[in-house]
Amino acid sequence: MNRTTKMAIAVAGLCMLSACGEPKPVETRQETLRVAIPKRAFGKTGTGEAVDLYTLSNAKGMRAAITTYGGIVTSLQTPDRTGAMADVVLGFDVIDGYLKEHPYFGALIGRYGNRIGQGKFSLNGNSYTLVRNNGANHLHGGLKGFDKVVWAARDVSSTEAQKLELSYTSKDGEEGYPGNLSVTVTYSLTKDNELRIDYAAATDKDTVVNLTNHAYFNLAGQGEGDILGHEVTIHADRYTPVDKGLIPTGQLEKVEGAPFDFRTTHTIGERINSKDTQITLGMGYDHNFVLNSPGGSLALAARVKDSKSGRVMEVLTTEPGLQFYTSNFLDGTLTGKSGKVYQKRSAFCMETQHFPDSPNKAQFPSTLLKPGQQYKTTTVYRFLAE
Ligand code: BGC
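Not measured: the values here are computed from a predicted model.

Visitor: What exactly am I supposed to notice about the site of the ligand here?
Guide: In the vicinity of the ligand, the residues found are Pro103, Tyr104, Arg115, His140, His214, Tyr216, Leu246, Asp286, Gln323, Tyr325, Phe329 and Glu351. Tyr216 places a side-chain nitrogen or oxygen 3.0 Å from an oxygen atom of the ligand. For the ligand, an oxygen atom lies 2.4 Å from a polar atom in the side chain of Asp286. The cavity where the ligand resides is the largest pocket. Residue classes in the shell around the ligand are distributed as 6 nonpolar, 3 polar and 3 charged.

As structure tokens, this is what we get:
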């Protein structure tokens with residue numbers, strides 16, 4: 001049913017009720033304005049599973065296309081200061097691009113976003129061995145993480161926003177992790193131009209969980225050059241320095257005096273080629289920032305601005321960490337949407353998360369989830385133009 005038909009029915013309903021003299025509650029009137037999310041077939045996985053593409057929109061014209069394959073945000077249309085729309089995330093036009101190897105464009109990441117050293121951890125005296133898919137380490141949930149599974153989708157839109165609920169149950173032992181883990185991720189596109197992501201999970205055995213989204217942003221528009229001129233602010237006094245395998249050393253290093261100090265605004269490019277050892281190890285920024293807000297409640301973590309278009313993205317999260325990654329491994333070998341070639345530094349990621357390798361770092365905030373507990377985190381990507 002389209003919006004006009006629904007409104008017509010709403011008005012008819014209102015007349016009938018007012019004829020009976022019964023005032024219709026405002027909520028019920030608004031209820032009729034709930035608009036279903038349009039969906040279409042997006043293709044099939046290698047094993048023949050059908051995949052859909054949902055396109056969420058709001059009254060301001062912002063649009064977010066999300067596929068059930070990997071829960072991937074395939075496109076995100078946001079306005080610049082003149083109101084002109086551009087797609088600000090990297091990705092592919094058709095499913096084939098996502099089925100081949102790619103660096104997690106727009107995907108949901110689990111069970112554990114980021115690295116676990118040596119692909120090993122212990123819980124309650126049991127040691128668990130995970131798939132090593134990044135040198136000696138485990139990265140982003142393994143060989144078949146949540147980015148490569150088909151999620152069950154449900155349109156849970158309200159009168160306030162279009163909302164897409166994605167669910168997936170990860171079996172005990174999947175990629176080496178203990179416990180059956182049921183995961184629900186809800187994407188909402190709010191009337192205030194926010195893409196809100198609510199993550200929830202529950203387990204039947206002690207396990208570790210660290211969910212995130214891996215969108216690659218370019219606020220000038222995907223494929224529109226590099227992001228070196230984007231201006232970044234990150235509310236973090238410390239970050240977690242890494243070894244050569246990008247596993248945190250365990251220290252919480254002050255950002256003061258280092259290229260990691262984004263407490264005042266700096267462009268991404270200003271210090272990205274500095275001789276700083278950590279910048280060298282990351283080949284640019286590929287580091288977890290220890291957010292000043294300790295997590296648990298939604299707080300502003302970062303702000304990024306592209307002065308040319310005026311597009312601004314604010315990142316709010318309940319998580320204690322933020323992986324700031326400047327697409328150091330893109331190298332022009334991937335061709336994405338509209339034939340755009342993705343070069344090094346053509347996007348940045350802000351992956352909200354617990355710290356990398358937390359299962360092996362007792363001093364880091366814990367990623368342990370026990371039966372009976374609810375894993376719940378929220379991240380909001382808010383788009384403005386100025
Ligand atoms: C990591 C990078 C990695 C990239 C893979 C990021 O989250 O920090 O090191 O190369 O994901 O796409």
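Visitor: Quick question: what am I supposed to make of the sheet that holds strand β20 (residues 266–267) here?
Guide: Taken together, 9 strands build an open sheet; the order of strands is β11-β12-β13-β14-β29-β23-β22-β17-β20 and the sheet is antiparallel. Either end of the sheet is taken by a strand with one partner, and the two such strands are β11 (152–155) and β20. Here strand β12 (residues 162–170) pairs with strand β13 (residues 181–189) via 9 bridges, running antiparallel. Note that in β13 the partner of Tyr168 across the bridge is Val183.

Visitor: Teacher, can you tell me more about the pattern of salt bridges here?
Guide: In a structure, side chains of opposite charge can pair up when their charged atoms sit close to one another. By the definition in use, this model includes 19 salt bridges. Its salt-bridge partner being Lys337, residue Asp87 comes within 2.7 Å of it at the nearest N-O pair. Residue Asp87 is located in strand β5 (residues 85–87), and its partner Lys337 is located in the loop between β25 (334–335) and β26 (341–342); the two are separated by 250 residues in the primary sequence. Residue Lys337 is classed as buried on the basis of its relative accessible area, which comes to 4%. Note that Glu224 and Lys340 form a salt bridge whose closest N and O atoms lie 3.0 Å from each other. Within this pair, whereas Glu224 is found in the loop between β16 (212–213) and β17 (231–234), its partner Lys340 is found in the loop between β25 and β26, the two being separated by 116 residues in sequence. Owing to a relative accessible area of 45%, Glu224 belongs among the partly exposed residues under this scheme. Beyond isolated ion pairs, a larger network of salt bridges with shared partners links Glu194, Arg303, Lys305, Glu314, Arg382 and Glu386.

Visitor: Would you explain the sheet that holds strand β27 (residues 349–353) in this entry?
Guide: By way of backbone hydrogen bonds, the strands of a sheet pair with one another, either parallel or antiparallel. Here we have 5 strands laid out as an open sheet, ordered β19-β18-β21-β24-β27, and antiparallel in their pairing. Sheet topology places β19 (253–254) and β27 at the edges, where each strand pairs with a single neighbour. Two elements, strand β21 (residues 286–291) and strand β24 (residues 321–325), share 5 bridges in a ladder whose sense is antiparallel. Its bridge partner lying in β24, His287 is registered against Phe324.

Visitor: I'm lost on the environment of Ala136 in this one. Help?
Guide: Note on placement: Ala136 falls in the loop between β9 (126–129) and β10 (138–139). In this structure Ala136 comes out as partly exposed when scored by relative accessible area, which is 36%. When the C-alpha positions of Ala136 and Gln118 are compared, they lie 5.2 Å apart, and in sequence the two are 18 residues distant. If sequence neighbours within four positions are ignored, Ala136 has contacts with Gln118 and Gly119.

Visitor: Explain the packing of aromatic side chains here, please?
Guide: Aromatic ring pairs are described here by two measures, namely the spacing of the ring centres and the angle between the planes. Tallying each qualifying case throughout the model produces 25 aromatic pairs. Ring centres of Phe217 and Phe348 lie 5.7 Å apart, and the angle between their planes is 35 degrees; on these two criteria the pair is classed as tilted. Of this pair, Phe217 sits in the loop between β16 and β17 while Phe348 sits in the loop between β26 and β27; the two residues are 131 residues apart in sequence, bridging distant segments of the chain. Classification of Phe217 by relative accessible area gives buried; the value is 2%. Considering the side-chain rings of Phe260 and Tyr285, the 5.7 Å spacing of their centres and the 90 degrees angle between planes classify their relative orientation as edge-to-face. One end of the pair, Phe260, is in the loop between β19 and β20; the other, Tyr285, is in the loop between α4 (277–282) and β21, and 25 residues separate them in sequence. Each member of the pair, Phe260 as well as Tyr285, is classed as buried. Site record: aromatic cluster; members linked through ring pairs are Phe42, Phe92, Tyr98, Phe105, Tyr216, Tyr325, Phe329 and Tyr342. Over the ring of Phe262 we find Arg271; its NZ or CZ atom is 4.8 Å from the centre of that ring.

Reading the values: rules and limits
Position numbers for residues count from 1 along each chain, tracking the sequence in the order it is written. Note on the predicted model: pLDDT of at least 70 is required for a residue's local features to be given, and 80 or more for side-chain atom pairs to be given and counted; whole-chain, interface and lining totals, by contrast, use all residues. Values reported for side chains reflect all heavy atoms of the structure, with hydrogen atoms and water molecules removed beforehand. A cutoff of 4 Å decides nearness: a residue is near a molecule or strand if any of its heavy atoms lies inside that distance of it. The definition of a polar contact used here is a pair of N or O atoms within 3.5 Å, where within protein one atom must be able to donate a hydrogen and the other to accept one, and adjacent residues in sequence count solely through side-chain atom pairs. Here a cavity denotes grid points, spaced 1 Å and computed from the protein atoms alone, that fit a 1.4 Å probe unable to get out, and a pocket denotes an open set having protein on both sides within 12 Å along at least 5 of 7 lines; residues with an atom within 4 Å of a point are the lining. Each molecule is checked against the cavity or pocket grid, and it sits inside if more than half of its atoms lie within 2 Å of the grid points. Charged residues are taken to be Asp, Glu, Lys and Arg, nonpolar residues to be Ala, Val, Leu, Ile, Met, Phe, Trp, Tyr, Cys and Pro, and polar residues to be all remaining types, Gly included. When DSSP locates at least two bridges between a pair of strands, those strands are taken to pair. Starting at the N terminus, helices and strands are each numbered in turn, a helix being any DSSP run of H or I of at least four residues and a strand any DSSP run of E of at least two. We define a salt bridge as a contact between a side-chain nitrogen of Lys or Arg and a carboxyl oxygen of Asp or Glu at a distance within 4 Å. Using a 1.4 Å probe on the protein chains alone, a residue whose accessible area is under 20% of its type maximum counts as buried, one over 50% counts as exposed, and one in between counts as partly exposed. Note on definitions: a residue-residue contact is assigned when non-hydrogen atoms from the two residues lie within 4.5 Å. Here is the rule: rings of Phe, Tyr and Trp (six-membered ring for Trp) pair when centre to centre is within 6.5 Å. Planes less than 30 degrees apart are stacked, more than 60 are edge-to-face, and the remainder are tilted. As a reminder, the over-ring test applies to NZ of lysine and CZ of arginine, requiring each to be within 6 Å of the ring centre and within 35 degrees of the ring normal.

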